[in-house]
Amino acid sequence: SKALNKYGNKNFKNLVNEFRINQVKEDIANGHHKIYTVKHIYESAGFTQQSTFNRIFKEHTGKTPTEYIESVNNT
């Protein structure tokens, strides 16, 4: 934890959430949102609460999950 704080400027919880959000983004990029529900995708990444997932997702991407999926579908 000290090393993360000192060199990464983040705590363990933030690092884990970053990995989880990257997994969700990768799943969306691979089209999983067309096969599975968003709930299935965020639960597979380790989130248990939709409100927590939505808040953290927006913090990391600047978009809600729905906005992010729309932007992926439009490219």
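This text follows the structure it describes.
As a starting point, this report considers the structure included with it. Remember, it's a predicted structure, so these values are computed and weren't measured experimentally. (Residues numbered from 1 in each chain as written. Predicted model: local features only at pLDDT ≥ 70, side-chain atom pairs only at ≥ 80, totals over all residues. Heavy atoms only, no water.)

## A closer look at helix 2 (residues 12–29)
1) Next: Look at helix 2: 26 Å from first C-alpha to last across 18 residues, which is about the 26 Å you get at 1.5 Å a residue.
2) Next: Tucked into the core, helix 2 has its buried residues touching helix 3 (38–44), helix 4 (50–61) and helix 5 (65–73).
3) Next: One or two positions beyond helix 2, positive phi appears at G31, with a value near 85°. (Helix = DSSP H or I, 4+ residues; strand = E, 2+ residues; numbered from the N terminus. Expected span 1.5 Å × (residues − 1). Contact = heavy atoms within 4.5 Å.)

## Observations regarding the pattern of salt bridges
1) Next: Here the structure, examined in full by the defined rule, presents two salt bridges.
2) Next: Residue K10 pairs with E18 through a salt bridge whose shortest N-O separation is 2.3 Å.
3) Next: Across the pair E59 and R55 runs a salt bridge, and its minimum N-O distance is 3.4 Å. You can see E59 and its partner R55 sitting in helix 4, four residues apart, about one turn around the helix. (Salt bridge = Lys/Arg side-chain N within 4 Å of Asp/Glu carboxyl O.)

## Examining the nonpolar core
1) Next: Judged by nonpolar contacts, I21, V24, I28, I41, Y42, A45, F47, F53, I56, F57, Y68 and I69 together constitute the single largest core of 12 residues.
2) Next: At the level of elements, helix 2, helix 3, helix 4 and helix 5 are the ones that each hand at least two residues to this core.
3) Next: Excluding anything up to four places from it in sequence, I69 contacts I28, H33 and V38. (Core = buried A, V, L, I, M, F, W, Y, C linked by side-chain atoms within 4.5 Å. Buried < 20%, exposed > 50% of the residue type's maximum accessible area, 1.4 Å probe, protein only.)

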